[in-house]
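A structural walkthrough
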Amino acid sequence: MNSSDPLLQPFTLKHLTLKNRIISTSHEPAYSEDGLPKARYRLYHEEKAKGGLALTMFGGGTLVAPDAAPAYGNLYAGDDRIIPYFRTLAEAVHRHGAATMCQITHLGRRTSAYAGHWLPAIAPSPIREPAHRAFPKAMEDWDIRRVVRAYGAAAIRCRDGDLDGIEVEAYGHLFDSFWSPALNHRTDRYGGSLENRMRFGIEVLQEIRRQVGDDYIVGIRMVFDEMRDGGLAFDEGMKIGEILTTSGLIDFISVIRGHIDTSAGLADVIPNMGTPGAPHLAFAGEIKRAFDLPVMHAARINDVATARYAVREGLLDLVGMTRAHLADPHIVAKIT
């Protein structure tokens, strides 16, 4: 092992010691079966663990409630059926010295009402998403209470499934749509001021903590700037980050910049092969300098040199080489 390589240095995330700085961030390969991470799903993540990375995160958009119909092969953590599959996946990954975490979410308007249980899509306000085109209903008080409880219940299923932690998805889904002035036109206690727009998210995180306790690792993959007219702007995004960081409710931040409700927006957030490498890395570095929490980020960091630079220069604590591991799950083994 090259002891001087920044990428190969261990990192402590709360109580968890990660053996190096290379991770695979939450995404959905559509390998689920019946909303569960069965053999193909497990083997996909186990191979990356064999290859030497520190943390493989999974379940990009694991659903917490039945009115978030699966839109892209999502896992479903809204009942206890998933717990034994979590345990099997965790055991396989841990066997190779890696950690694993699941991302949980409610899709909000980013789904279809004509899938799953054919339940109405829900959102802070009845504003359609250009991509999925559902007609969402504005959430009522009982919807909010129900979904808050569902987040907490899904989180404890992750804990009971021996996963090392969870990540709350907060870009383009229900959680962060309350933050965005473009999407939240409410006039009650969940709309208007930034404090009110943050209320739903704070209630979700408090419920998660109530159910999993203070010792479990809970992070957030969040947008800091939606990069669109009328949306969440950088100054408010940083204020949200400050409030969440000082609240004690989260243990890490995974940085997102942009919006995903159009194809053009999605292509900026998750840049394709024809775009420059690491387009949001400098932006992620701004977040890293601003907050005293571990910061991770992934967006077209597809070569070892760029990943090494990100860690060496203090732009990131943990660097996501997610699509790079799709191409070669043994990257870390080849540089040690």
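Structure: above.
The sections below set out a description of the structure shown in this document.

**Comments concerning the pattern of salt bridges**
Applying the stated criterion to the full structure yields 25 salt bridges. Of the charged contacts in the structure, one is a salt bridge between lysine 137 and aspartate 143, with a shortest N-O distance of 2.9 Å. Residue class for lysine 137 comes out partly exposed when judged on its relative accessible area of 29%. In this structure, a network of salt bridges that share partners links the residues Asp67, Lys137, Glu140, Asp143 and Arg146.

**Thoughts on the pairing of strand 5 (residues 99-105)**
Counted residue by residue, strand 5 has seven buried out of seven residues, so it is predominantly covered. The two faces of strand 5 match: Ala99, Met101, Gln103 and Thr105 on one face and Thr100, Cys102 and Ile104 on the other face are all buried. Between the parallel elements strand 4 (residues 55-63) and strand 5, the chain passes through helix 2 (residues 83-94) in a crossover that is right-handed. The pairing of strand 5 with strand 8 (residues 165-170) spans four bridges and is classified as parallel. In the strand pairing of strand 8, methionine 101 is matched with glycine 165.

**Things to note about the side chain of glutamine 103**
Checked against the element boundaries, glutamine 103 lands in strand 5. A distance of 2.7 Å separates the side chain of glutamine 103 from the backbone nitrogen of glycine 61, its partner in a polar contact. Filtering out sequence-adjacent residues up to four positions away, glutamine 103 remains in contact with Ser26, Phe58, Gly59, Gly60, Gly61, Thr62, Glu167, Glu169 and Arg221.

**A closer look at the sheet that holds strand 12 (residues 318-320)**
Pairing is parallel in the closed barrel, where eight strands are placed in the order 3-4-5-8-9-10-11-12. Averaged over neighbouring strand pairs, the angle between their axes works out to 25° when direction is ignored. As paired strands, strand 4 and strand 5 are joined by six bridges and run parallel to one another. Of the residues in strand 5, the one forming a bridge with threonine 56 is threonine 100. Taken strand by strand, helix 1 (residues 39-50) contacts strand 3 (22-24) and strand 4, and its axis lies near 150° from that of strand 4. Along the sheet, helix 5 (residues 194-212) contacts strand 5, strand 8 and strand 9 (217-223); its crossing angle with strand 9, the most-contacted strand, is approximately 160°.

**Some points on empty space enclosed by the protein**
Summed over all chains, the structure comprises one cavity of 30 Å³ or more. Estimated volume of the largest cavity: approximately 120 Å³. Broken down by element, the lining of the largest cavity gets its largest block of residues, three residues, from helix 4 (residues 174-177).

**With respect to helix 1**
In a regular helix each residue adds 1.5 Å, so twelve residues correspond to 16 Å; helix 1 covers 16 Å between its end C-alpha atoms and thus fits that length. Those residues of helix 1 that sit buried are Tyr41, Tyr44, His45, Glu46, Lys48 and Ala49. Of the surrounding secondary structure, the elements contacted by the buried residues of helix 1 are strand 3, strand 4, helix 2 and helix 10 (322-327). Once helix 1 finishes, glycine 52 follows within two positions and takes phi at roughly 105°, a positive value.

**Comments concerning the nonpolar core**
In terms of nonpolar packing, the biggest core is built from 86 residues, with Ile104, Tyr151, Trp179, Phe200, Ile208, Ile220 and Leu244 touching the most fellow members. Those residues in contact with leucine 244 that lie beyond four places of it in its chain are Trp179, Met198, Ile202, Leu205, Ile220, Met222, Leu249 and Ile250. Core analysis: the second largest hydrophobic core is formed by 14 residues, Leu18, Ile23, Phe252 and Met296 among them.

**Points about the layout of surface pockets**
The volume enclosed by the largest pocket comes to roughly 670 Å³. Lining the largest pocket are 31 residues, and of these Ser26, His27, Glu28, Tyr171 and Ile270 sit closest to its centre. Of all elements in the fold, only strand 4, helix 7 (263-269) and helix 10 reach the threshold of two or more residues within the lining of the largest pocket. Among the elements that line the lining of the largest pocket, the one with the most residues is helix 10, at four residues. Considered class by class, the residues forming the lining of the largest pocket number 15 nonpolar, ten polar and six charged. Of the voids in this model, the second largest pocket is the one considered here, and its volume is about 180 Å³.

**Notes on the packing of aromatic side chains**
Per the stated rule, a full pass over the model turns up eleven aromatic pairs. Between tyrosine 114 and tryptophan 118, the ring centres sit 5.4 Å apart and the planes meet at 75°, which makes this aromatic pair edge-to-face. Residue tyrosine 114 shares its accessibility class with tryptophan 118, and that shared class is exposed. Here a set of aromatic residues connected by ring pairs shows up, and it is made of Tyr151, Phe175, Phe178, Trp179, Tyr190 and Phe200.

**Structural notes on the pairing of strand 10 (residues 252-256)**
Across the five residues that make up strand 10, a large majority, five, are buried. Residues Phe252, Ser254 and Ile256 point to one face of strand 10 and Ile253 and Val255 to the other, with burial holding for every one of them. Pairing analysis gives five bridges linking strand 9 to strand 10, with the strands arranged parallel. Each residue of the ladder has a partner; that of methionine 222, found in strand 10, is valine 255. Remark: the strand 9/helix 6 (residues 234-247)/strand 10 crossover connection has right-handed handedness. The sheet contact formed by strand 10 and strand 11 (residues 295-297) spans two bridges and is parallel. Each bridged residue has a counterpart across the sheet, and for isoleucine 253 the counterpart in strand 11 is valine 295.

Rules used in this analysis
- Residues numbered from 1 in each chain as written.
- Predicted model: local features only at pLDDT ≥ 70, side-chain atom pairs only at ≥ 80, totals over all residues.
- Heavy atoms only, no water.
- Salt bridge = Lys/Arg side-chain N within 4 Å of Asp/Glu carboxyl O.
- Buried < 20%, exposed > 50% of the residue type's maximum accessible area, 1.4 Å probe, protein only.
- Helix = DSSP H or I, 4+ residues; strand = E, 2+ residues; numbered from the N terminus.
- Right-handed = clockwise from strand over helix to strand, strands pointing away.
- Pairing = 2+ DSSP bridges.
- Polar contact = N/O pair within 3.5 Å; in protein donor to acceptor, adjacent residues only side chain to side chain.
- Contact = heavy atoms within 4.5 Å.
- Axes fitted to C-alpha atoms, helices over the stretch in contact; angles between N-to-C directions.
- 1 Å grid on protein atoms, 1.4 Å probe; cavity = no way out; pocket = protein on both sides within 12 Å on 5 of 7 lines; lining within 4 Å.
- Points joined across faces, edges and corners; volume = space filled by probe spheres on them.
- Expected span 1.5 Å × (residues − 1).
- Core = buried A, V, L, I, M, F, W, Y, C linked by side-chain atoms within 4.5 Å.
- Nonpolar A, V, L, I, M, F, W, Y, C, P; charged D, E, K, R; others polar.
- Phe/Tyr/Trp six-rings, centres within 6.5 Å; stacked < 30°, edge-to-face > 60°.

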